[in-house]
Each structure stands twice: as C-alpha cells, then as structure tokens.
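# Descriptive analysis of the structure
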Amino acid sequence: MVFGVCLLSATIVNMDHGILPACSFELKEELGVEELFIGFLGSVVFGGILLGSLASGYVFSNYSCKKVLIYSMVGLNAGFLAFPLSSSKLLMTVSRFVTGFFQAFLIVFFPVWVDHFGGTHKTRWITLLQLAVLLGVVVGYVLTALLNLAHQNVSFLSWRVSFFLQTAALAVATYIVFLADERDLSTNDILSESPESHEAQAFDEYPVLRLSLFSRHPSMILEAPVSNDQFAEVEDIVGPQPTETLEPLVSEPHGAAKPFSVSEALGVILYKRLYLLAVLTLSSLFFIITVVQFWMSHYLITVLSAPPARVFGLFTLTSVSAPTAGMLLGGVVSERIGGYAGPNALPFCLICACLAAILGLPIPSSNSYLLVTGLVWVQLFFGAAALPTLTGLMISSLAKEVRPLGNAVAQVAFNLLGYIPAPLLYGWVTGSDPDPFSRRGMRLTVAWAFLPVAFLGFGLYKQRQKRKMNELKEELERGKRLLEMMETQRETPQNRGEGYTIPAYEDFDSKKRLRGKMDKLDSEVQQKLKDVEGY
C-alpha cells in the first residue's frame, strides 16, 4: 500500500512539469508575458529542486519522515495553488520556486524508502518510480491540452483547472500519508542514534543527500566503498561491468587504509577527464530534452501555425514513445558490443550523438509541423539510446569509493548546465528577436546538439591516443630489453651458428647513441601519456 502511495505521489507531484509547457501559449496571450519570463518560470522550479535537495539530507536525518512528507506536501499544495491564482510575475516566480523546493524532499525520499523496504523488488520499484515521473508529466500535459481545447466552448475550463486538480489529488495523497503508520514510512531504523551516523549510513547511496551535508560538516569523511543499487537499472540493461579500485590515498600502519576527505575525493573525481566529458555530454543532452519538453508545443503552434489538437496528440506520442524505444534499443545494442565499460562504448555514443545532431539540422528551416515532429522523434530516440551507456560510462570511470560524491557532482552539473538554463535561454533568445515567428531559439537548440558530438569526439580521440601511446611504450620496453642483451652479450666464434640472432655491436658509441635515442623517445611517450591520463 505504501509503495502505491509513493507511485501515486510521484505521478501527482510531476504533473506541473507537463502543465506549464502545455499552457505556455495561453500564458503569453492571457497574461501578456514574453517568452523570456515563461522560460524563467520553467527554470526557477529546478533552482528550487536543487536548493531543496541540498537541505533534504539534514532534514531527513533529524526529523520524522512522516512529518517531513506531510509538511512537504502541504508546501507543494501552496505552490500549486498560488500559481493559477496569481497574475503577478513576482508571485508566480515565488510559487514555482516553492514548488521546486518542496518537490525535492519527495524526489529524494522515494528512492530511499524503496531501498529500505523494497527487498528483492528494489530495481523493479525504482523503475516504476521513474515511469511514474514520466507518467505525471504526460498526464499534466494531456490534461492541460484537453482543457485548453475545451476552453473554446466552456469558459471556466482552462489551464488553471489542471493546477486545481493537481492540488486536490495531492491533498488526497497527503491525507493517506497522514493516516499511514509511522513505521511503514520511517527509514530511521537504518540510522544510528547520532546525526553524523545518520548521514553516513542513510544516504551513502543517494548522493544528492550526501552533497547536502557539505555546509553542515565541511570535514565530512567518505567511508568505504558503497553499493551500486541506484545504477541497477542501467546494469540490468547493459549487463554487469568491470569496476575500478582506488588505491588508498593515505596508508596507516598495519595495512589499514585511511578514509579520504571530500576535498581529496573531489580531486580524484575531477582528475578523471572521461568522467567530466560524460557529465558535460549528459548535461547537453538534458538541455535539449528540457527545451523540447518545455518549448516544442509552443514552437509548433506559434511559429508553424499547427492545429493545437494535433500538436498535443503528436507531441504526447513523441515524448512517450521516442525515449522509451531509444533506451530499450540502445541498451540492447550496447550490451552486445561490450557494455558501457567496453572499448566500443564511446564510439557507440558518438554515433548516436552524430545521428541526433545531423538529423535535427532541418528543424529550424522546415515549415511542416509533421516533418519537425518526426525529426524531434528521431533526436529524442538517438539521444535516449545513448543515455544508459553514457550514465554507466560516467559511473564506471570512477572508483567505487568516490562514486556517491561523483554522482552528486554530476547531479548539480545536470541542473546548472542542463535543466535550469534550458527554458530560460531559449526564451531569452526567442524574445530578443522582434519577429513574432522567430526561430532563433530553435536554431540555438539544433546547434546545441553538436556539443555532445564535440565532447564525445574529443574523448574518443584521447582514448585512442592513449591506446597508441601504451602500445608504443610496450615496444620501447621490448627494445630496451633487447639493447641490454646486446650490451651484455657479444657474438663469438663459439656461439656463431647456434641460433644466435643478436647482432654484434662492437662499437660502444653506436650502442650509446642507440640508447640515447630510445631514452629520448621514452621521455616523449611518457609526456604524451600524461596528457591523455584520465581518459
């Protein structure tokens, strides 16, 4: 029953992420706001989610889970209700920020609860939670689209009703949580009595919470390796992968390994260039996905003059089918070519990124909404096909000891470089053009799609360069060993004709020059290996 409440709540709290994109055109017409402000409303909610995530670790480790859930749901309802009742830009902005802030507590709690109570169903339940998020967005989008169409005949039916219905549904979910037994909701039994142990044990596998402890405990210590349950879904798709083990940074007597601090762990993480490229690539993909989710309906209706009813139907079908098909097929292909830790992972992701970027080029110049929708479907398909492999690549590039913190850094990057700037930047670029049918924002999005190509191409080039340098290094080692044999052995009449193949080097200067050349080449190889280290 409790898991059912979690699924219901996850669906409800994400409806507004579909409502706002579906009513962007109506907001502009009714309230007289420009694209820049609409984009800002789409971005500010992610700012609230980021701040709420940073606070959630302290809150959940020190207060009753049931109380936190109830207060968060009440705060969410306040944000949901304030937005449709407001005509003030300031109040709209505050309501969206408040919505994001309180959403973060539920977003963070659900996987923690599943990890504690899921038993053997953890992976399946986490997958269902992710599908509930997508379902919430789609339900909000479809509901608002239908209400906008009905508004032409029934005046009181409008996009505002979507927020009212979301508020009512969340109120029901809040009442169910209020009636629930505290023991069925609390994850405190996995915590020790001290807050510090709470933080170390309850949130090791949930890096957003782990990150939230920084301000409270600047000297926080990362402990021993953690499990990879939160990436179980990816591994189910692409198969188990080899992992890397981090050598202890500081050794203690009797072979004991000393835990390393956050600053040391960050140094290890930021040294992995492959990890950084994967994070930048995923951030760019999330930027494009957010733009498509938030602005594509507005673009099709406003710029291409497409019928709203068809736009809502086609876009709903596209936003559901393309990512689902892409992830499933991409996972199967990735598994067959060696998985995300294999040598073909980067080439596979690069091919997907190239296809998505190139096939999206005609979008800004096309006047056919059907063609544009089809091309968007292709972009989402190939982008989603690379996501499981990219996510696994990002995680497997780090040692187990720093993966929680590494994923926390990645989540912050995804928000700061992807989710938050996407709606705002598109709105600003489009609004800066006096042309009411401006396509500048769409051109920006299409150009942005080439950033993953650049990041992955650079990473692949460095990886191959590193592989060549390692092969050359092996050749040099063999050459050095041969030279040592030639210096210590000479061809004599006694061993001549007995299979002795090493040529005689009677000239000491010749041997000296040869060794000098090999040492110089070895120095150059070592320097180039330093340049490609971390890939």
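About the criteria used
Residues numbered from 1 in each chain as written. Predicted model: local features only at pLDDT ≥ 70, side-chain atom pairs only at ≥ 80, totals over all residues. Heavy atoms only, no water. Helix = DSSP H or I, 4+ residues; strand = E, 2+ residues; numbered from the N terminus. Buried < 20%, exposed > 50% of the residue type's maximum accessible area, 1.4 Å probe, protein only. Contact = heavy atoms within 4.5 Å. Phe/Tyr/Trp six-rings, centres within 6.5 Å; stacked < 30°, edge-to-face > 60°. Lys NZ or Arg CZ within 6 Å of the ring centre and 35° of its normal.

## Focus on the side chain of His-298
Assignment of secondary structure puts His-298 in helix 14 (residues 273–302). With a relative accessible area of 5%, His-298 lands in the buried category. Excluding residues within four positions of it along the chain, His-298 makes contact with Ser-24, Phe-25, Lys-28, Glu-35 and Val-303.

## Some words on the environment of Val-5
With respect to the secondary-structure elements, Val-5 resides in helix 1 (residues 2–13). Along the chain, Val-5 and Val-177 lie 172 residues apart, while their C-alpha atoms are 7.7 Å from each other. Those residues within four positions of Val-5 in sequence are excluded, and the remaining contacts are Ile-176 and Val-177.

## Remarks on the packing of aromatic side chains
By the definition in use, this model includes 17 aromatic pairs. Centre to centre, the rings of Phe-286 and Phe-414 are 5.0 Å apart; their planes meet at 80°, and the pair counts as edge-to-face. Of this pair, Phe-286 sits in helix 14 while Phe-414 sits in helix 18 (residues 403–419), placing them 128 residues apart in sequence. Both rings, one in Phe-286 and one in Tyr-419, keep their centres 5.3 Å apart while their planes meet at 20°; by these two values the pair is stacked. Here Tyr-419 lies in helix 18 and Phe-286 lies in helix 14, a separation of 133 residues in the sequence. With a relative accessible area of 23%, Tyr-419 lands in the partly exposed category. Three or more aromatic residues link up through ring pairs in this structure, and these residues are Phe-46, Phe-286, Phe-414 and Tyr-419. In this arrangement the basic side chain of Lys-66 is found over the ring face of Phe-178, its NZ or CZ atom lying 5.8 Å from the centre. Seen from the ring of Phe-37, Lys-89 lies directly overhead, with NZ or CZ sitting 5.4 Å from the centre.

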